[in-house]
Amino acid sequence: MSKKYLVENFMISIFIFVLFFTDIFGANTFVEDISFTVMILGAGSIFLFPFSRFIIEQTALRFTRREFWTTGLLTESPGKNGLYVIFYMVCIVFAIPAVLGYLFYSALKKVA
């Protein structure tokens, strides 16, 4: 995982975080009417998003070939943009559980 990959994905996660919290809550400002817990989990997801995306991509590539993701229904087209949005949302939602699961797996692997 390179620095370029981390920076690009970090910027994507910041954009999604700002878009989510300003769009969902409408005209209110960024921090009004948002619980502290949601803000902390959201901030944690921002920082863990690049790692979550990497873990999800590597897991998917473990069971499929890279060609699968670029052929057939998954060719680069305007219709694939919706799949990108769904993929990014899955990465944000599972950022904390994926990284914690990976750390747990790594710890068990070292002990065994």
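Residues numbered from 1 in each chain as written. Predicted model: local features only at pLDDT ≥ 70, side-chain atom pairs only at ≥ 80, totals over all residues. Heavy atoms only, no water.

Undergrad: What's the story with the nonpolar core in this structure? I'm lost.
TA: For soluble globular proteins, the rule of thumb is that nonpolar side chains tend to be buried together. Judged by nonpolar contacts, Ile 16, Phe 49, Tyr 88, Cys 91 and Ile 92 together constitute the single largest core of five residues. Element by element, the count of residues in this core is highest for helix α3 (residues 81-93), at three residues. With sequence-adjacent residues up to four places away left out, Ile 92 is seen in contact with Ser 13, Ile 16, Ser 45 and Phe 49. (Core = buried A, V, L, I, M, F, W, Y, C linked by side-chain atoms within 4.5 Å. Buried < 20%, exposed > 50% of the residue type's maximum accessible area, 1.4 Å probe, protein only. Helix = DSSP H or I, 4+ residues; strand = E, 2+ residues; numbered from the N terminus. Contact = heavy atoms within 4.5 Å.)

Undergrad: Would you mind showing me how to read the packing of aromatic side chains here?
TA: Given two aromatic rings, one states the distance between the centres and the angle between the planes to describe the pair. With the rule as written, the count across this model stands at four aromatic pairs. Summarising the aromatic geometry, the rings of Tyr 5 and Phe 54 are spaced 6.1 Å apart at their centres and angled 75° between planes, so their arrangement reads as edge-to-face. Residue Tyr 5 is located in helix α1 (residues 3-24), and its partner Phe 54 is located in helix α2 (residues 36-63); the two are separated by 49 residues in the primary sequence. Relative accessible area serves as the criterion here: at 29%, Phe 54 is assigned to the partly exposed category. When the ring of Phe 49 is compared with that of Tyr 88, the centres are 6.1 Å apart and the planes differ by 65°; the resulting orientation is edge-to-face. Remark: Tyr 88 occurs in helix α3 and Phe 49 occurs in helix α2; sequence separation between them is 39 residues. Tyr 88 carries the same exposure label as Phe 49, and that label is buried. Counting every residue linked through ring pairs, the aromatic cluster contains Phe 49, Phe 87 and Tyr 88. (Phe/Tyr/Trp six-rings, centres within 6.5 Å; stacked < 30°, edge-to-face > 60°.)

Undergrad: What exactly am I supposed to notice about helix α4 (residues 95-111) here?
TA: Given 3.6 residues to a turn, an α-helix orients residues that are three or four positions apart in the same direction. In this model α4 runs 24 Å from its N-terminal to its C-terminal C-alpha over 17 residues, within 8% of the 24 Å that 1.5 Å per residue would give. In the core, the buried residues of α4 are packed alongside α2 and α3. (Expected span 1.5 Å × (residues − 1).)

Undergrad: What is the right way to read a nonpolar patch on the surface from this model?
TA: A surface patch of nonpolar side chains, about 450 Å² in accessible area, is lined by Leu 83, Ile 86, Val 90, Val 93 and Phe 94. Looking at the secondary structure, you find Ile 86 in helix α3. (Patch = residues over 30% accessible without salt bridge, like charges linked within 9 Å, V, L, I, M, F, W, Y side chains within 5 Å. Areas by Shrake-Rupley, 256 points an atom, 1.4 Å probe, with all protein chains shown as cover. Salt bridge = Lys/Arg side-chain N within 4 Å of Asp/Glu carboxyl O.)

Undergrad: Honestly, the side chain of Ser 13 in this entry has me stumped. Any pointers?
TA: For Ser 13, the location among the structural elements is in helix α1. A relative accessible area of 0% places Ser 13 in the buried class. For Ser 13, the side chain forms a polar contact with the main-chain oxygen of Phe 10, separated by 2.7 Å. A polar contact is formed between the side chain of Ser 13 and the backbone oxygen of Ile 46, at a distance of 3.1 Å. Excluding anything up to four places from it in sequence, Ser 13 contacts Ile 46, Phe 49 and Ile 92. (Polar contact = N/O pair within 3.5 Å; in protein donor to acceptor, adjacent residues only side chain to side chain.)

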